[in-house]
Amino acid sequence: VATHGIPSAPYVDNGAPHENGQLALICGNLGCALIHAPVRDGASKGKIERLNRTIRMQCLSCLPAGACETLESLNDALSAWVLAYNSRIHSATRKAPSDSFAEDGAWLRYADGGEALDEAFRNRITRKVANDATVRIDHVLYDVPMGMVGEKVEVRWTPGREGDVWLCMPDGSRRRLAPTDKQANADAKRAKPAYTIDFGAAEGVE
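Throughout what follows, the structure given in this document is the object of discussion. (Residues numbered from 1 in each chain as written. Predicted model: local features only at pLDDT ≥ 70, side-chain atom pairs only at ≥ 80, totals over all residues. Heavy atoms only, no water.)

1. Examining the packing of aromatic side chains
So, step 1. For the structure on display, the rule yields one aromatic pair.
So, step 2. With 5.1 Å between their ring centres and 25 degrees between their planes, Trp81 and Tyr85 make a pair best called stacked. Pair noted here: Trp81 and Tyr85 are both in helix H4 (residues 71–87), with a separation of four residues, about one helical turn. (Phe/Tyr/Trp six-rings, centres within 6.5 Å; stacked < 30°, edge-to-face > 60°. Helix = DSSP H or I, 4+ residues; strand = E, 2+ residues; numbered from the N terminus.)

2. A few points about the pattern of salt bridges
So, step 1. One pass over the full model with this rule turns up nine salt bridges.
So, step 2. A salt bridge links Glu115 to Arg122, with the nearest nitrogen and oxygen atoms 3.6 Å apart.
So, step 3. For Glu115, a relative accessible area of 48% gives the class partly exposed.
So, step 4. Each of the salt bridges in this network shares a partner with another, and the network as a whole consists of Glu115, Asp118, Glu119, Arg122, Glu154, Arg156, Arg161, Asp164 and Arg174. (Salt bridge = Lys/Arg side-chain N within 4 Å of Asp/Glu carboxyl O. Buried < 20%, exposed > 50% of the residue type's maximum accessible area, 1.4 Å probe, protein only.)

3. A look at the nonpolar core
So, step 1. Counting residues in each nonpolar core, the largest one holds 13 residues, and the members touching the most others are Val135, Val144, Met148, Val153, Val155, Leu167 and Leu177.
So, step 2. Breaking this core down by element, the ones donating at least two residues are strand S4 (134–137), strand S6 (152–157) and strand S7 (165–168).
So, step 3. The contact partners of Val153, leaving out residues within four places of it in the chain, are Ile125, Thr126, Arg127, Val129, Val135, Met148 and Leu167.
So, step 4. One finds Ile6, Ile26, Cys32 and Ala120 within the second-largest nonpolar core, a separate group that totals seven residues. (Core = buried A, V, L, I, M, F, W, Y, C linked by side-chain atoms within 4.5 Å. Contact = heavy atoms within 4.5 Å.)

4. Here we look at unusual backbone geometry
Comment: phi is negative for the bulk of residues other than glycine, and the bulk of peptide bonds are trans.
So, step 1. Phi at Asp138 is positive, roughly 50 degrees, even though this residue is not glycine.
So, step 2. Topologically, Asp138 is positioned in the loop between S4 and strand S5 (140–143).
So, step 3. With a phi close to 70 degrees, His139 is a non-glycine residue in the positive phi region.
So, step 4. Residue placement: His139 occurs in the loop between S4 and S5.

5. Thoughts on the pairing of S7
So, step 1. Side chains Val165 and Leu167 of S7 all project onto a buried face; the interleaved residues Trp166 and Cys168 project onto the opposite face, where all are buried too.
So, step 2. Summarising the sheet, S6 and S7 pair through three bridges and their orientation is antiparallel. Looking at S7, one finds that Arg156 is bridged to Trp166.
So, step 3. Sheet topology note: the S7/strand S8 (residues 174–176) ladder contains three bridges and is antiparallel. By the bridge assignment for S8, Leu167 is matched with Arg175.
So, step 4. Hairpin geometry of S7 and S8 is characterised by an intervening segment of five residues between the two adjacent antiparallel strands and by a positive phi of about 95 degrees at Gly172. (Pairing = 2+ DSSP bridges.)

Written out as structure tokens, the structure reads:
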């Protein structure tokens, strides 16, 4: 999306990665319509399957040494192959894919900066703030303002990116959350709610 712009309508199949709610939220945040191919309609996904086959034959079967050691190295190898593929003349169109893509430049939309993209692609989840003013995300505790104890809050985070965990505040702003220091959390003093008696409810009772 950062390189090629925001798609108007991503066309995907019905696999689990494309049916999850996070993808629908991401597309909604980017302002594009998520379209699923009809179930058991292979012909409708012909171009997708042809691309998958091309990637398997021309890229995955010819990976350079060390490309599979990490996800980052595999992504780098795939990016290099895509760049080379888009620069070659296509047998059907007689144009390089990058040239055909540039002809539609007037229709392209781009996000307003990297932070806007980060915000759009963050996962979202609702959590109830525990009595010790923490929420748990991916088995890690994070500190939340004490005044939100017991409330349900929305948290946004990027899996695998340490420190990219944000709390959605009631006024619409975002607050970065820090991992909980368990010792400091255990020593923190918390105000207990005052216990009051409703004497009016006991009127007339002897």
